[in-house]
Amino acid sequence: MKICILIICFFVVIQIEAQPYVPSEVVNIHNVEDILYIAKTNGFKELEKSISPINIIHVDSTYAPILIDLEFESEFWNRCIDKKEIITYELPEFSLELAYNFNNLTAGERLFDYYCTIPKHCKADTIYYIYNNLDDFLKVLVKYSSPQLIERLKQDYIEWTKLAENSPKKIYPSIEEIGKTSFEESMKFKANDLYVDCNFLVLQIAAALNFLEVEGFDNTLIAKLKTMQTYPFAYKYSFPKPIILDTKAKSISCKTVLNSTQIVDFGKDYEKVEKLIFDNIENCWESRVSEIIENGSKAYVSLSRNNGSDFYTLQLNSDNTIVINLISSIIY
């Protein structure tokens, strides 16, 4: 009996390994020029409904200035999800990611300009998301170090300090209460969301100036400012280490192979694209192409598998070779 069971199990394994390649039935294919036309015609937010704009940069970084302009032409105003009468002012997420990962100076300059336009207040009927994500801006602004940055931050420090002196301190739930609150509940609108934590912004800006070694913003001042906080985790705060910027995404692995399946256009030959990756790199069972963003000779390709996703860039060369570049991988 034991022998029979072993034989059956072995037979099943052999059958699984011998399964032939079967192409995906549903693949989202986007041509860069077509989706840029949609964005120019209907706006940046319409583009974001179909793809993540940053993936276009993986195809060709020269599209960056166009996309930056489109993002800043869009309206950042929106409505709070569960409190429609409350207005929110969102972040230029694409430009932030472009500045973080691709060392784009244009994005850095536009982010500084954006930062300078946001009004300062203790309380308003508009929630400015930048005040909940100020570190994301400061670490980029410090990295690009606009000539006006230090003077701007010093002036902001003075203005926020005055606001902090003349406004009630923001009340946060205790650490115990935070631990008992579900994620869904924590994301719901609360009246306290309309109050800006001026004291904490003072600490963040002072820490940025401390990092820049500006006179008067030493470690003693940072320690003093921490004692003035109501934010329960402020004692752990430190200015985020400046991001390491690259002109392109780093490869996890890169392989140049012959174009044996005669791929001519990544958008038209998507079944061949999938088989190319499947045969040369991707070895996880049930991996399938789910998205291709292409401009003919280059492509960004997303593969979904039974335990995660893999993301590639492909380049079609004139010498009948294709460069397969694995740039990121996610395991669920």
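Right above here is the structure, for reference.
1. Let's talk about the pairing of strand β7 (residues 298-305)
(1) Moving on: Counting buried positions along β7 gives 6 out of 8 residues, so the element sits mostly inside the fold.
(2) Moving on: Relative to β7, strand β6 (residues 288-294) is paired through 6 bridges, and the arrangement is antiparallel. Bridging across to β7, Arg288 finds its partner in Ser304.
(3) Moving on: Between β6 and β7, which follow one another and run antiparallel, lie 3 residues, and Gly296 among them has a positive phi close to 100 degrees.
(4) Moving on: Two strands pair when backbone bridges link them, and β7 and strand β8 (residues 308-316) are joined in this way by 8 bridges, in the antiparallel orientation. Residue pairing across strands places Ser302 opposite Phe311, the latter belonging to β8.
(5) Moving on: Counted along the chain from β7 to the antiparallel partner β8, the turn is 2 residues long.

2. As for the packing of aromatic side chains
(1) Moving on: Taken as a whole and judged by the stated rule, the model has 19 aromatic pairs.
(2) Moving on: Ring plane angle 15 degrees and centroid distance 5.5 Å describe the contact between Tyr114 and Phe137, whose orientation is recorded as stacked. Within this pair, whereas Tyr114 is found in helix α7 (residues 105-117), its partner Phe137 is found in helix α8 (residues 134-144), the two being separated by 23 residues in sequence. For the pair Tyr114 and Phe137, a shared accessibility class is recorded, and that class is buried.
(3) Moving on: Centroid distance Tyr231 to Phe233: 5.7 Å. Interplanar angle 65 degrees. Geometry classified as edge-to-face.
(4) Moving on: By relative accessible area, Tyr231 is classed as partly exposed at 29%.
(5) Moving on: Taken together, the ring pairs in this structure connect Phe72, Phe76, Trp77, Tyr89, Tyr114, Tyr128, Tyr131, Phe137 and Trp160 into an aromatic cluster.
(6) Moving on: Lying over the aromatic face of Tyr100, Lys139 brings its terminal NZ or CZ to 4.9 Å of the ring centre.

3. Observations concerning the environment of Leu326
(1) Moving on: Within the fold, Leu326 resides in strand β9 (residues 321-331).
(2) Moving on: By relative accessible area, which is 11% here, Leu326 ends up buried.
(3) Moving on: Separated by 15 residues in sequence, Leu326 and Phe311 have C-alpha atoms that sit 6.0 Å apart.

Reading guide: rules and limits
- Residues numbered from 1 in each chain as written.
- Predicted model: local features only at pLDDT ≥ 70, side-chain atom pairs only at ≥ 80, totals over all residues.
- Heavy atoms only, no water.
- Buried < 20%, exposed > 50% of the residue type's maximum accessible area, 1.4 Å probe, protein only.
- Helix = DSSP H or I, 4+ residues; strand = E, 2+ residues; numbered from the N terminus.
- Pairing = 2+ DSSP bridges.
- Phe/Tyr/Trp six-rings, centres within 6.5 Å; stacked < 30°, edge-to-face > 60°.
- Lys NZ or Arg CZ within 6 Å of the ring centre and 35° of its normal.

These figures capture arrangement, not role.
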